[in-house]
Amino acid sequence: MTHLLSDELLGTFRERAADYDRDNAFFAEDLADLQAAGYLGTMVPTAFGGAGLSLRETAREQARLSAHAPATALAVNMHHVWVGVGRYLHERGDSSLDWLLAEAAAGEVFGFGYSEPGNDLVLLGSRTEARPDGAGGYTFHGRKIFTSNSPAWTRLGVLGLDSSNGTGRRGGGPRLVHAFVTRDGGGFEILDDWDTIGMRASQSRTTRLDGAHAPADRVLRLLPPGPSLDPYVLGIFTSFEVLLASVYAGIADRALELAVEAVGRRTSMKTGKPYSQDPDVRRRIADMALTQDSVWLQIDGITRDLDASASDSTLDRGAGWFRAAAGLKVRVTEAARDVVDQAVRVSGGSTYFSSSELGRLYRDVLAGIFHPSSDDSAHATAAQSLLGPLE
Ligand SMILES: Cc1cc2nc3c(=O)[nH]c(=O)nc-3n(C[C@H](O)[C@H](O)[C@H](O)COP(=O)(O)OP(=O)(O)OC[C@H]3O[C@@H](n4cnc5c(N)ncnc54)[C@H](O)[C@@H]3O)c2cc1C
């Protein structure tokens, strides 16, 4: 497997992660090092100047990064998601995001500005107004929450709703507008409101869009609100869920590593032996390992199929990707929470100190439940795939 990040660099990231967490600081130095290592171009095809890693390889790289610096990995993940969409489209003959692939390889940092307060429709609706500029472009007006990488993104993918009926490019009813705005273009304010219990270095602050402009060539899709099988939507959904899962799998991998170290170190007064000789502890460690084995089988399996489905249509699951990707995200993030929880139990009270790495993983891993797809929506997707839509 190709590695873009050296063990030495990852070790540096791990040291910084503790400081960023304590200081609630953005991972600026990590980002500079990741840029220098070409990490922003991990999944960009070599023809566009990137490293050309597959989705499967990128998922593995992201887990490796996350095992050292979870918040750094989560924030950079938002960039990789966009590259994943560009690549998904490119490999299927759609060149509309080729510019993004080239810009990502050239060092631009992409953010993901989709989440909104009170929008549980996620990709299917928006509370942000997309106002046509009369020349095929749009300005955006609304509030985006949890925008990771806020201090550093240079391009922000946004979603808004054009309700001006008929004046949208295709006319005829409201349209969801998927587009990109630039930091240089202004028309937004980033609030200094990120003070969370975990994933602190991601600095996923609120973004108030107040006229941020996307010109016509940065408006990627105008789609009717509601479910869509448009490749752009499928690309976002699959890249997002799969890469997100890898970040949380990486946290769990590290928790297991720390737990193994801890039970070898801690001794029992009862037996005089290390806890690694305690049958109950051994069972917990084994349980964690067996969970992670199945987690990686699932991530590798789905990413391999997604990679191969670009050239082998028999592997294309169509609408089935929604169930597959949402299910993967929920299973992996829930498994990660369980593994970290078990790691904490066998490692003891020292993990309760805010300076403990395992304690930090315990806080970081919780974020997994808040990202889409939620447990409920993944179940709704699975039910719909078997029972049809809810009437
Ligand atoms: C660490 C982390 C990083 C993330 N990074 C990104 C990212 O880069 N890009 C991205 O798009 N998303 C990102 N997300 C967002 C995430 O995917 C969810 O959208 C987010 O957690 C919101 O979840 P929620 O709707 O359950 O929150 P809630 O707690 O329900 O709501 C969040 C806020 O919205 C307000 N609100 C809720 N309902 C309403 C309403 N009806 N009207 C008005 N206000 C309301 C709440 O008061 C609260 O302030 C990130 C999440 C986390 C945890």
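Residues numbered from 1 in each chain as written. Predicted model: local features only at pLDDT ≥ 70, side-chain atom pairs only at ≥ 80, totals over all residues. Heavy atoms only, no water.

Trainee: Honestly, the overall build of the protein chain in this entry has me stumped. Any pointers?
Mentor: Looking only at helices and strands, the protein chain features ten helices and eight strands. Scaling as 2.2 N^0.38, a compact globule of 391 residues should have a C-alpha radius of gyration of about 21 Å, and the protein chain matches this with 21 Å. Projected onto its principal axes, the C-alpha positions of the protein chain cover 75 × 45 × 40 Å. Per-residue burial over the protein chain gives 53% buried out of 391 residues. The contacts of the protein chain with a sequence gap of at least 6 include a subset with a gap of at least 24, amounting to 74%. (Helix = DSSP H or I, 4+ residues; strand = E, 2+ residues; numbered from the N terminus. Rg over C-alpha atoms; globule rule 2.2 N^0.38 Å. Buried < 20%, exposed > 50% of the residue type's maximum accessible area, 1.4 Å probe, protein only. Contact = heavy atoms within 4.5 Å.)

Trainee: Even after reading the chapter, I still don't get the UniProt feature "domain: Acyl-CoA dehydrogenase/oxidase N-terminal" (unreviewed entry) in the protein chain, so can you show me in this structure?
Mentor: With numbering matched to this structure, UniProt assigns "domain: Acyl-CoA dehydrogenase/oxidase N-terminal" (unreviewed entry) to residues 15–83. Here residues 15–83 runs as 67% helix and 0% strand, with 28 Å between its end C-alpha atoms. (UniProt positions renumbered as here; feature names shortened; annotations may be inferred.)

Trainee: What is the right way to look at the domain arrangement of the protein chain in this model?
Mentor: Accessible area lost upon the coming together of the parts serves often as the stated size of an interface. Considered domain by domain, the protein chain is made up of domain 1 (7–109), domain 2 (111–223) and domain 3 (231–387). At the interface, 24 residues of domain 1 touch 23 residues of domain 2. When domain 1 packs against domain 2, the two sides together hide about 2200 Å² of surface, and 61% of this comes from carbon and sulfur. Taken as a group, Asn24, Trp82 and Val109 account for 30% of the area that domain 1 buries against domain 2, more than any other trio of residues on that side. Our enumeration of links across domain 1 and domain 2 arrives at five salt bridges. The salt bridge partner of Asp21 is Arg200, with a shortest N-O separation of 3.9 Å. (Domains from an automatic or database assignment. Buried area = accessible area lost by both parts, 1.4 Å probe. Salt bridge = Lys/Arg side-chain N within 4 Å of Asp/Glu carboxyl O.)

Trainee: I keep staring at empty space enclosed by the protein and nothing clicks. Help me out?
Mentor: Any empty space left between the atoms is revealed when a probe the size of a water molecule rolls over them. Using the criterion set out here, one finds three cavities of 30 Å³ or more in the structure. Space inside the largest cavity adds up to approximately 110 Å³. Looking at the lining of the largest cavity, the elements that each hand over two or more residues are α4 (70–91), α6 (231–265) and α7 (279–309). By residue number, the principal contributor to the lining of the largest cavity is α4, which donates four residues. (1 Å grid on protein atoms, 1.4 Å probe; cavity = no way out; pocket = protein on both sides within 12 Å on 5 of 7 lines; lining within 4 Å. Points joined across faces, edges and corners; volume = space filled by probe spheres on them.)

Trainee: I tried to follow helix α2 (residues 28–36) on my own but got confused; where do I start?
Mentor: Each turn of an α-helix holds 3.6 residues, which means side chains three or four residues apart point in the same direction. Along α2, the residues classified as buried are Asp30, Leu31 and Leu34. Along α2, the residues classed as buried sweep out an arc of 100° about the axis, all on the same side. Here the buried face of α2 lies against α1 (7–23), α3 (55–68) and α4. Backbone geometry just downstream of α2 places Gly38 in the positive-phi region, at approximately 75°. (Arc of directions from axis to C-beta.)

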